[in-house]
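# Structure assessment
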Amino acid sequence: MKIVFSLILGCVAAFHSFAQTFPIDTATKKITYTGVETVTGATQAVLFKRTHNLNVSGSGILADKPADGYYSYKGEFKVAYHAPQPGIMHTGKVTYTVVIACKDGRYKYVITDLVHSSEKGNGGPLEKTTPECNKYVLTMQGWGDIKRLTAAEMEKLVANIKVTLGNPEDKPVNVGNDW
């Protein structure tokens, strides 16, 4: 009886490790990290200026509208994941879109369109249960690796957005006069 229970528990744990919970937008059915944050005392212009610090490479700019307080860019990060051959790792990248809309005293961020690509085979949109290139090119273990890495990267990105845009005023650092 204990052996059967242990086997069932092991199967459930293995299945759970493949399942990754992402926030899913009910309208688009896409993975979507979103939030509205209040920054009392910060103007739209100040918040908008800070959005440019999020896309440090400056590449992939999709929209840059200071008058509207609207900034959008395409980002990416590298991933390493288990290959179909035991002991081998493949690499690829996950791209995503960030939109930030600023108003006086608040901003809204939306991160969506998460897609995996690789020379070995494109997994495609991360909302999919199985990768586009099929499970023999990109194993379910590898697909799970990509989803876990993506969830961690998105949490870091959301935290970075909140820190970068969170200060109410741009105050210069007091470096003193003794140098």
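Each helix and strand in the protein was counted, giving 3 helices and 6 strands. Reading the secondary structure of the protein in the N-to-C direction produces α-β-α-β-β-β-β-β-α. Buried positions account for 35% of the 179 residues belonging to the protein. Taking as baseline every contact in the protein between residues at least 6 positions apart, the subset at least 24 positions apart corresponds to 53%.

All right, on to the packing of aromatic side chains then. When we look at a pair of aromatic rings, we describe it by the centre distance and by the angle of the planes. Within the structure shown, the criterion is met by 3 aromatic pairs. Geometrically, the ring pair formed by Phe48 and Tyr71 is edge-to-face, given 6.3 Å between the ring centres and 90° between the ring planes. Taken together, the residues span a long stretch of sequence, with Phe48 in helix 2 (residues 44-51) and Tyr71 in strand 3 (residues 70-82) at a distance of 23 residues. With relative accessibility at 1%, the residue Tyr71 sits in the buried group. Ring geometry for Tyr71 against Tyr73: centres 6.0 Å apart, planes inclined by 45°, an arrangement best described as tilted. The two residues Tyr71 and Tyr73 agree in class, both being buried. Among the aromatic residues, those joined into a cluster by ring pairs are Phe48, Tyr71 and Tyr73.

The next thing to look at is the pairing of strand 5 (residues 106-117). In this structure, strand 1 (residues 33-38) lies alongside strand 5, joined through 6 bridges in antiparallel fashion. Residue pairing in the sheet places Val36 in a bridge with Lys108 of strand 5. Where strand 4 (residues 89-103) lies against strand 5, 10 bridges are found, and the strand directions are antiparallel. Bridging across to strand 5, Lys103 finds its partner in Arg106. From the end of strand 4 to the start of strand 5, which pair antiparallel, there are 2 residues, and Gly105 there has a positive phi angle of about 80°. Sheet topology places strand 5 next to strand 6 (residues 124-125); 2 bridges connect them, and they run antiparallel. Looking at strand 6, one finds that His116 is bridged to Gly124.

With that settled, consider the pairing of strand 4. Sheet topology note: the strand 3/strand 4 ladder contains 13 bridges and is antiparallel. Opposite Lys78, over in strand 4, you have Lys93 as the bridge partner. Hairpin connection, strand 3 to strand 4: the antiparallel pair is bridged by 6 residues, and Gly87 has positive phi, about 85°.

Turning to the environment of Val36, a few remarks are in order. Tracing the backbone shows Val36 in strand 1. Taking C-alpha positions, Val36 is 9.7 Å from Cys102, a pair spaced 66 residues apart along the chain. Apart from the residues lying within four places of it in its own chain, the contact partners of Val36 are Tyr107 and Lys108.

What counts as what
Residues numbered from 1 in each chain as written. Predicted model: local features only at pLDDT ≥ 70, side-chain atom pairs only at ≥ 80, totals over all residues. Heavy atoms only, no water. Helix = DSSP H or I, 4+ residues; strand = E, 2+ residues; numbered from the N terminus. Buried < 20%, exposed > 50% of the residue type's maximum accessible area, 1.4 Å probe, protein only. Contact = heavy atoms within 4.5 Å. Phe/Tyr/Trp six-rings, centres within 6.5 Å; stacked < 30°, edge-to-face > 60°. Pairing = 2+ DSSP bridges.

Any link to function would need more than the numbers given here.
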